[in-house]
Amino acid sequence: MNRPLKVLIAKAGLDGHERGALVVAMGLRDAGMEVVYTGIRNTPEQIVAAALQEDVDVIGLSSLSGGHMAQFKRVMELLKKEKVSGLLVFAGGIIPDDDVKKLKKLGIKEVFGPGSSIASIAELITKSRR
Amino acid sequence: MKMHGNELTKLVTRLESGEPLPTALYRRTGNARILGITGPPGVGKSSLIDRLIDNLRRQDKTVAVIAIDPTSPTSGGALLGDRLRMQRHSEDEGVYIRSLATRHHHGGVTDSTPQIVHALDAAGFDIVIVETVGTGQDEVEVAEVADTVVVVLMPELGDEIQRAKSGLMEIADVLVINKADLFNARAPATSPRYSALKWERPTIHTSAKSGEGITTLCGAMDIHHAYLVHSGKLAKRRERAARAEVTRLLQSRLTASILRALEEPQAQTILTDVAKRKLDPHDAVEKLTKEILGSHTRSSKHAATSTRRQTTKRRKTRR
């Protein structure tokens, strides 16, 4: 079945800076994907519930406020708890290099910082297509 | 819920891709109330639904929402941005929200909408809400699915002539003027009048922002439902819905066989003759119908006896 890839873009935690997340959402839309954008101030629980109800292939998490370690970790834990497999998770925002390593260990495929191109994000997703 | 969450999610994905609903599930449908929420982009349909969910959950009713946004005609992608207005209900187990892209279907809903509504109905939700894309005047397909259609507008969208036009304004069972907090919009003091024989469409002023008017709107929808039941109109609407759904399925099957038929060499010759002005388009249709189409539609009728056989057949033709 050749359905378009479905992606959830969400901002976790108390962070209202949504310009970047919206740019990514629109970029992936232009790359032919169906993008559910759930906006700012989502809890990890809401993000995982939304991903399950929407049956997405990919989750993109954004954080620019420094809460990424706690928030993203919780998302990964909940996905494990719900026994979700085969789902690609990537992240973006202002995230220090040391944390990038830690996040990748948690199972986050890639972390995109400022200046990343939409094409590189789209490529990561397309390559991982199940 | 009679169906586990994940099972439902996967089923909806399959229906979205055009697979048919299992027969056993269709037999379990017909119990949910189907509400259609439609209106132009940006009038606050999603925010209003967020408030409706609140109200319905307080009455202990379970709610499923399908929220539709348009597919890009150029990229085939979509930005599905309705859910974010209702995201706070995500964790509530009595609520299921699913965003859908139109995938090039016109009419305000998706190809798969009737089947997905059946699935949510069979899953045991009390209320199924269909939120259309932001509509223009002519996208009225939601009326083929919903028991009660709510058309949402906002202040300053037009004068009396706009109200008198056909299409969107005609399908409203309940008319809502949302954002009533703007432009000093005054609510006319009409409450829905209800007799078993005649429904007088109410106009209700709401503000999804403040929550004003939501209880009145819920009341009006309840009264409309009672009217449908007591007047016998509900059964009629469901008949109309069944007819519309079957007609559309039939049309898409016939379209598929027409496209297949046009691939044949004999048909290609006819098309070339039209291009060369040897044959006019109407005569071409006559010829195609007589010589080629007959055999094709007959063969697809036999395939219809088993949907599984039909899918294999479809796959084969694609190769």
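Structure shown above.
Our subject in this report is the structure included herewith. (Residues numbered from 1 in each chain as written. Chains lettered and ligands numbered in written order. Predicted model: local features only at pLDDT ≥ 70, side-chain atom pairs only at ≥ 80, totals over all residues.)

Attention now moves to the overall build of chain A. In terms of regular secondary structure, chain A is built from five helices and five strands. The order of α-helices and β-strands along chain A, N terminus first, is β-α-β-α-β-α-β-α-β-α. Across its three principal axes, chain A shows a C-alpha extent of roughly 40 × 35 × 25 Å. Contacts spanning at least 24 positions in sequence make up 73% of the contacts within chain A whose residues lie at least 6 apart. (Helix = DSSP H or I, 4+ residues; strand = E, 2+ residues; numbered from the N terminus. Contact = placed C-beta atoms within 7 Å.)

The next subject is helix H6 (residues 214-231) of chain B. All names here are of chain B. Between the first and last C-alpha of H6 there are 26 Å, a value that for 18 residues agrees with the 26 Å anticipated at 1.5 Å per step. Looking only at H6, the buried set comprises Ile-214, Leu-217, Ala-220, Met-221, His-224, Tyr-227 and Leu-228. All buried residues of H6 fall inside an arc of 140 degrees around its axis, so they share one side. Contacts from the buried residues of H6 go to strand S1 (33-38), helix H3 (45-58), strand S6 (148-153), strand S7 (174-177), strand S8 (203-205) and helix H7 (233-262). Count one or two residues on from H6 and you reach Gly-232, which has phi positive near 80 degrees. (Expected span 1.5 Å × (residues − 1). Buried ≥ 20, exposed ≤ 12 C-beta atoms within 10 Å, placed from the backbone. Arc of directions from axis to C-beta.)

It is worth spelling out the interface of chain B and chain A at this point. Facing 25 residues of chain B, the contacting portion of chain A comprises 26 residues. For the side of chain B that touches chain A, the secondary-structure elements that each account for two or more residues are helix H1 (5-16), strand S3 (78-80) and strand S4 (95-101) of chain B. Here the side of chain B that touches chain A takes six residues from H1 of chain B, the largest share from any one element. Of the residues in the side of chain B that touches chain A, the class split is eight nonpolar, 13 polar and four charged. Relative to S3 of chain B, strand S2 (residues 34-37) of chain A runs parallel, the two being bridged by three bridges. (Nonpolar A, V, L, I, M, F, W, Y, C, P; charged D, E, K, R; others polar. Pairing = 2+ DSSP bridges.)

As a further point, take the pairing of S1 of chain B. The side chains of a regular strand alternate, first on one face of the sheet and then on the other. Residues and elements named next belong to chain B. Counting buried residues along S1, six of its six residues qualify, which places the element largely inside the surrounding structure. Because side chains alternate across S1, one face comprises the buried residues Arg-33, Leu-35 and Ile-37, and the other comprises Ile-34, Gly-36 and Thr-38, equally buried. Examined bridge by bridge, S1 and strand S5 (residues 127-131) share five bridges and lie parallel to one another. Its bridge partner being in S5, Ile-34 is matched across the sheet by Val-128. Pairing analysis gives four bridges linking S1 to S6, with the strands arranged parallel. Within S6, the residue paired with Leu-35 across the bridge is Thr-148.

Now for helix H3 (residues 68-81) of chain A. All names here are of chain A. If you check H3, its first and last C-alpha atoms are 19 Å apart, about what 14 residues at 1.5 Å a residue would give, namely 20 Å. Regarding H3, the residues found buried are His-68, Gln-71, Phe-72, Val-75 and Leu-79. Along the long axis of H3, the arc covered by the buried residues comes to 90 degrees, so they all point the same way. Residues of H3 that are exposed and angled more than 90 degrees away from the buried face: Ala-70, Lys-80 and Lys-81.

Now for unusual backbone geometry. A positive phi angle, close to 55 degrees, is found at Lys-83 of chain A, a residue other than glycine. Of the residues examined, Lys-83 of chain A has 7 C-beta atoms within 10 Å and is grouped as exposed. The phi torsion at Glu-156 of chain B lies on the positive side, around 70 degrees, for a residue other than glycine. Looking at the secondary structure, you find Glu-156 of chain B in the loop between S6 and helix H5 (160-164). You can call Glu-156 of chain B exposed: it has 11 C-beta atoms within 10 Å.

Let us look at the nonpolar core. Ranked by internal contacts, the top residues of the largest apolar core, which has 104 residues, are Val-7 and Val-35 of chain A together with Leu-120, Val-128 and Val-130 of chain B. When residues in this core are grouped by element, the largest group, six residues, is from strand S2 (residues 63-69) of chain B. Discounting chain neighbours no more than four positions away, the residues touching Val-35 of chain A are Val-7, Ile-9, Ala-25, Leu-28 and Arg-29 of chain A together with Gly-77, Ala-78, Leu-79 and Leu-80 of chain B. (Core = buried A, V, L, I, M, F, W, Y, C linked by C-beta atoms within 7 Å.)

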